[in-house]
Amino acid sequence: MQRILLFVVALFFSALALAAVNINTATKEELDALPGIGPVKAQAIIDYRTANGPFKTPEDIMKVSGIKEGEFAKLKGQISVSGASTAPAAAAKAAAPAAAPAPAPATTAQAPASAPAMKTEPAKTTTPAAAPAAAPAMTDKEKAAADKKAAKEKAAAEKKAAKEEKAKKDKAAKEEKEAKQKAAKEEKAAKDKAAKEEKAAKDKAAKDEKAAKDKSAKTEKEAKDKAATADAKAAAAKPATEPAKKQ
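Residues numbered from 1 in each chain as written. Predicted model: local features only at pLDDT ≥ 70, side-chain atom pairs only at ≥ 80, totals over all residues. Heavy atoms only, no water.

**Digging into the nonpolar core**
Step number 1: Grouped together as the largest cluster of nonpolar side chains are 17 residues, with contacts concentrated most on I23, L31, L34, I37, I45, I61 and I79.
Step number 2: At the level of elements, helix 3 (39–52) and helix 4 (69–75) are the ones that each hand at least two residues to this core.
Step number 3: Here this core takes three residues from helix 3, the largest share from any one element.
Step number 4: Setting aside its immediate chain neighbours within four residues, I45 contacts I23, L31, I37, F55, I61, V64 and I67. (Core = buried A, V, L, I, M, F, W, Y, C linked by side-chain atoms within 4.5 Å. Buried < 20%, exposed > 50% of the residue type's maximum accessible area, 1.4 Å probe, protein only. Helix = DSSP H or I, 4+ residues; strand = E, 2+ residues; numbered from the N terminus. Contact = heavy atoms within 4.5 Å.)

**Side note on the pattern of salt bridges**
Step number 1: One pass over the full model with this rule turns up 14 salt bridges.
Step number 2: For K63, the salt bridge is made with D60, and the minimal N-O distance between the two is 3.7 Å.
Step number 3: For D60, a relative accessible area of 14% gives the class buried.
Step number 4: Between K199 and D203 there is a salt bridge, and its shortest N-O distance comes to 3.1 Å. You can see K199 and its partner D203 sitting in helix 8 (residues 140–246), four residues apart, about one turn around the helix.
Step number 5: Judged by its relative accessible area of 52%, K199 falls in the exposed class. (Salt bridge = Lys/Arg side-chain N within 4 Å of Asp/Glu carboxyl O.)

**Re helix 3**
Step number 1: Across its 14 residues, helix 3 extends 20 Å between first and last C-alpha, which sits within 8% of the 20 Å expected from 1.5 Å per residue.
Step number 2: Three or more residues of helix 3 are buried, namely A42, I45, I46 and R49. Angular distribution of buried residues about the axis of helix 3 spans 95 degrees; they occupy a single face of the element. Exposed and oriented more than 90 degrees from the buried face of helix 3 are V40 and A51.
Step number 3: In this structure, the buried side of helix 3 is in contact with helix 2 (28–32). (Expected span 1.5 Å × (residues − 1). Arc of directions from axis to C-beta.)

**A word on the confidence of the model for the protein chain**
Step number 1: Of all residues in the protein chain, 67% have pLDDT values of 70 or greater, and the mean over the chain is 76.
Step number 2: Mean pLDDT across the elements of the protein chain bottoms out in helix 6 (residues 103–107) (40) and peaks in helix 3 (93).
Step number 3: Contacts for the low-pLDDT stretch residues 8–18, under 50 throughout, to residues beyond four places or in other chains number 14 contacts.
Step number 4: Note that pLDDT drops below 50 for residues 88–135; the model gives that stretch 40 contacts with residues more than four away or on any other chain. (pLDDT = per-residue confidence, 0-100.)

Pasting the structure below:
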């Protein structure tokens, strides 16, 4: 009977050794049952795969906040990224107290057969207890739908980011174009103003020069006219004086 009990315990632990929790499909309860993972980290794992898509390798779980190499070392043999969860990690935690009474029959080898038989009951009840926890595991169809939804959300996010980036570039290009047009307009206005001022200055200089020439010509004419008048007067006065000299 002792050998049977040891065989059952060994078989139970062999099943646990081969058990793996799919971190892409596991429920919060299944993740919470993993060693070193509590409800907070379990929710963080779910939030991460929802936002970033399924994990590619078990090592990717270290990308989740709060899970480092130390925690991963405890999880390494109990997690996977594909297939259904073969057994919940909760059974692994429950196995420790269930297996503890096993050495007791070894000390009572001469005890009646009925006593070890009673101790085998917990081992029988712990194995079926693992079955209900595996029920929430996603089917292939559900997993495909979840992956499709995650891919769709990722594509939508990338499209939105690309649209925002394009709008940002278009806005920058528009502002740059407007700035260049404004600078060109201001430069043209400055050139036109300078040309207008230069023309006005030239026109004023030409006008002043003409006025000066006209004034000079007028003054010169007046001087000539005055001199001619004086000569005429002088000429008119000469005949009247000459007879007086002859007498």
